[in-house]
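Structural overview
Here's the letter readout for the chains.
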Amino acid sequence: MNNSPERASALQQFSALMYKQFLLFRKNKVVTLFRLLTPIVVMSIYAITYSSINNSSNNKFYSDQSYPTNFADQIKCCDHVVGYSYNNDPSIPDIMPLLAKTLDMDISNFVPVPQFYMTNQTGLASDSAFNRTIPNFFATVFINRVNSTQLGYNLYYNYTTPSNPMLIAQSLASYNNPVVESYAGAIQIAVEKALINTLAQNPDLQLTVRKRAAPSALNSNNFNKTISLMLLQPFAALFIYFSLTFPTIMFLNMRAEESQRKIRAYLKTFGVYDEIYLASWLLDGMIGGFYSCVVLLIFGYACPGFDFFTKTTPSILFVVFMTYSFAMNCLCLLLGSLLSTTKGAVIISVVIFTLGLFTSIATCFIGNLIYNVYGNKYAPIGAIISILPFLNINKILTDIATGATPSFLNNPNINSDSSSSGEPAPNILYDWGNFTSTPIYDEPLVKGASPISGFASLNILFALALLFLFLAWYLDKVLAGPFGGSKRFDFLFTSDYWTPRHIPFSSVDQHTLRGNINSNDPDIAQESQNVTLENMSKYALIIRNLDKEFDGKYAVNNLSLAAENGKIIALLGHNGAGKTTTINILTNQTNPTSGTALIYGYDCVNQASSIHTLIGYTPQFDVNWPNFTAREHLKIMSSIKEKRVNLEQDINNILKQIRLTSVADNIVGSYSGGMQRRLSCGLALIGNPKIIILDEPTTGVDPANRLYLWRLIKSMKKDRLVLLTTHSMEEADALSDKIAIMSEGRLAAVGTPTHLKSRFSSGFKLHIISSQPDQAVNVVRHYLPTAIFDKSTSNTLVFTIQDIGNLSNFLKYLAQDATAQSFISDWQIQGTTIEDVFLKVAHDQKKHN
Ligand SMILES: Nc1ncnc2c1ncn2[C@@H]1O[C@H](COP(=O)(O)OP(=O)(O)OP(=O)(O)O)[C@@H](O)[C@H]1O
């Protein structure tokens, strides 16, 4: 074919498919938001949780609360408010008035308690302050002189004071009642002031007291670190798993949706390279993976509490995250080749995610106990973990977490050493050396196991990713799609795959003609003879002895057919007659069991790449992306199909032909059924194909749109062959130059509409509407004695007239005789229709079988 369009290059197809991925990203807002926001939201939750736990260790209460002063009024529950006791140092009694003054209280509220409690403070705490077996105090102060320059004191207070309603309410609120403690804090400060004034021997000495975090075990140097380690070690890996896995699950659903909408199969008819199709999805997934990886690293290094990141060599994390993303994307592509529905994808997604999540949670809690599954009696579990990426990642994350954030949960030695020695902790605890060695674990807990290094697990992950990718590619070619099977399962071992066979015309003639089942039918016998070498150049389409068997049943049975350029050929047949299967063979969506189909001399099986540029195809159903516009559809499909020169101009021409120019930039989901059908026909026009195949182009279309489509189809046949299937006999009659009727996969009749009508003509049909049917029958019998009475419905009578010899006399009678007009109100004579031919052929076939 000199003027056949040039197939699009792999690069052009790739950029067209990436444009499609970009549109999916831009237009599927919900999925895109999930993919973009998941890592941000998940890591934010971690960071917020971390900082709130971390901040809670700073003592909020002591740092910003101001203390009350008028104690006497407020602590009415207590008889004496403050009890005190002191040893015999004479200066100590002077402290109490100072104390009362600072607290703005009457000295009568200060009551001495027996010396006994001074030596048995535990007893005092329980008896006085808590059980109140002695007069009711809010607080009790014990003061004693340690030496000439030091005064010591103890303060006990009661935070369950019951008789004051205010305090009851407060004490119910919490054990460490902050309000009660604020009074105690005020008393403490007052005691400190009084002691200092006493020691300084200056009662007027002004002191400013700053409240700082209370000395507490909670504020030891180690605490923040311990909390963060406790938190990080068990849960950081879980958050990372979630951030990396969830977006790939969304990715799987997008890919499955393309199969469900049959877009994948449709793209094949445009000649898309399978490898390019997979590559476009893979790149999309990897961009998503890279994005998640960057978000994780930004959070890890920018937010406090991510020792998992800051103590690990960054390149390890980058490589791990990207490899996992690669493996998951490849797994999703494999599942995408296996699954044909989004429902299936959702079910698989839930299983994957739940399994991975449980494993992640389990590894967070059991820590390095997970290593028990390597090399001892649990080894089969280890093998399963290794071959499923969403489980394997949890093992790798545990390797890193154990090394980078050694908490006491997993590795008490490392933790306690670094905190108590006072030496600064090293910046990186987990480097490539650690990553390539056996992970750190507790010997007693991991007995008899030999855990593989994180790097070894990563290698397994990578190798599996490659295997998944290969299987995705292989199954995409081999598995039965919506139009039947594609390649043989052993196609890789056939020479045709590696060195495609170009069938020369001459070889076709050497095929032995098999006797057609209807070979005694002259038209069919002639059709079989047409497909010979001499006639080969005359025909655009040659189908010769074509068979397609599904599970032992022939969908196409020994079909031979030829059609010329510049014509419309209609394939008719009942449901299941084999029309669509024939089309699927011609469009290289399924392989024939035997036989040959040639389009302009190119073999539909072995020269698929040429076939795809020669044909334009409209499937039985509208295949489209509902969120894309007509212009976007045409742009993508054009760039996939042929080498582009004037893309915009060609698109505008097609839009004009299918009358969608004014709505070209509206999304296809908003189109009516007729408009979508027009777009499907427009997609068949892409690349000025030499043969256009339309599978039921007007099914479900309203009369106005159907008329328009008829005009379009008629205009399509200029300089090309149009092959259409239809269930509308009227359509076949109006449009086609040749009709082939199929029955049970076989050719049952073939010829021009006129030829078929005359060959299968059963005569003319006479329809009479009469108020006196009996009289009408008598009149017909009189004028047309050979007419056969077919049927009567209500007052309509139908006759078949084979001998038209006396017809003119009868017509004269009907037109001129007044009596005739008195009981025959209307009449019509109709020639044989294609519907009559079809029914006759079907009837004959039934008889024959
Ligand atoms: N992938 C397949 N697997 C098994 N059987 C199939 C497959 N595709 C088609 N068939 C069978 O082959 C026969 C022909 O089907 P085909 O779809 O070609 O008929 P058709 O003439 O196009 O029917 P319709 O007018 O309903 O579209 C039917 O019996 C059908 O069930």
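Residues numbered from 1 in each chain as written. Predicted model: local features only at pLDDT ≥ 70, side-chain atom pairs only at ≥ 80, totals over all residues. Heavy atoms only, no water.

Topic: the UniProt feature "transmembrane region" (unreviewed entry) in the protein chain
The cut-off we apply is this: UniProt positions are given in the numbering used here, feature names are shortened, and annotations may be inferred rather than shown by experiment. In this text, helices come from DSSP runs of H or I with a minimum length of four residues, and strands from runs of E with a minimum of two, each type numbered from the N-terminal end.
With numbering matched to this structure, UniProt assigns "transmembrane region" (unreviewed entry) to residues 30-50, 231-253, 289-309, 316-339, 345-371 and 452-475. Counting secondary structure, residues 289-309 comes out at 81% helix and 0% strand; the distance between its end C-alpha atoms is 18 Å.

Comments concerning the sheet that holds strand β12 (residues 721-725)
This is how it is decided: The rule for pairing is simple: two strands pair if DSSP sees at least two bridges between them. Axis geometry follows a simple rule: fit a line to the C-alpha atoms, using only the stretch in contact for helices, then measure angles between N-to-C directions, giving values from 0 to 180 degrees.
Sheet architecture is open: six strands sit in the order β10-β11-β12-β7-β13-β14, paired in mixed fashion. Looking at which strands have only one partner, the edges of the open sheet turn out to be β10 (615-618) and β14 (746-751). Adjacent strand axes in the sheet meet at a mean angle of 15 degrees when their direction is disregarded. By the bridge criterion, five bridges tie strand β13 (residues 738-743) to β14 in an arrangement that is antiparallel. Residue pairing in the sheet places M742 in a bridge with L747 of β14.

Focus: the packing of aromatic side chains
To keep things clear, this is the line we draw: Pairing of aromatic rings covers Phe, Tyr and Trp, the last through its six-membered ring, and needs centres within 6.5 Å; plane angles under 30 degrees mean stacked, over 60 mean edge-to-face, and all others mean tilted. Any Lys NZ or Arg CZ that is within 6 Å of a ring centre and within 35 degrees of that ring's normal is treated as a charge sitting over the ring.
Under the definition given, this model contains 26 aromatic pairs. Both rings, one in F242 and one in F246, keep their centres 5.8 Å apart while their planes meet at 15 degrees; by these two values the pair is stacked. Of the two residues, F242 and F246 are both situated in helix α10 (residues 221-260); the distance of four residues between them amounts to about one turn of the helix. Through successive ring pairs, a cluster of aromatic residues spans Y46, F239, Y301, F306, F308, F309 and F321. The side chain of K262 reaches across the aromatic face of F621, ending 5.2 Å from its centre. Geometry around Y19 places K635 over its ring, the cationic atom sitting 4.6 Å from the centre.

Structural notes on empty space enclosed by the protein
Heads up, the rule is: Here a cavity means grid points, on a 1 Å grid over the protein atoms only, where a 1.4 Å probe fits yet cannot get out; a pocket means an open set of points with protein on both sides within 12 Å along at least five of seven lines; lining residues are those with an atom within 4 Å of a point. Grid points are joined across faces, edges and corners, and a volume is the space filled by probe spheres set on the points. Three classes are used, and their members are as follows: Ala, Val, Leu, Ile, Met, Phe, Trp, Tyr, Cys and Pro are nonpolar, Asp, Glu, Lys and Arg are charged, and the others, Gly among them, are polar.
A full pass over the atoms with the stated rule returns four cavities of 30 Å³ or more. Along its surface, the largest cavity is lined by R35, L244, P247, T248, G285, G288, G289, S292, S325 and N329. Of all the secondary-structure elements, those providing two or more residues to the lining of the largest cavity are α10, α12 (274-302) and α14 (314-338). For the lining of the largest cavity, the element with the highest residue contribution is α12, accounting for four residues. When the residues that make up the lining of the largest cavity are grouped by side-chain class, the tally is two nonpolar, seven polar and one charged.

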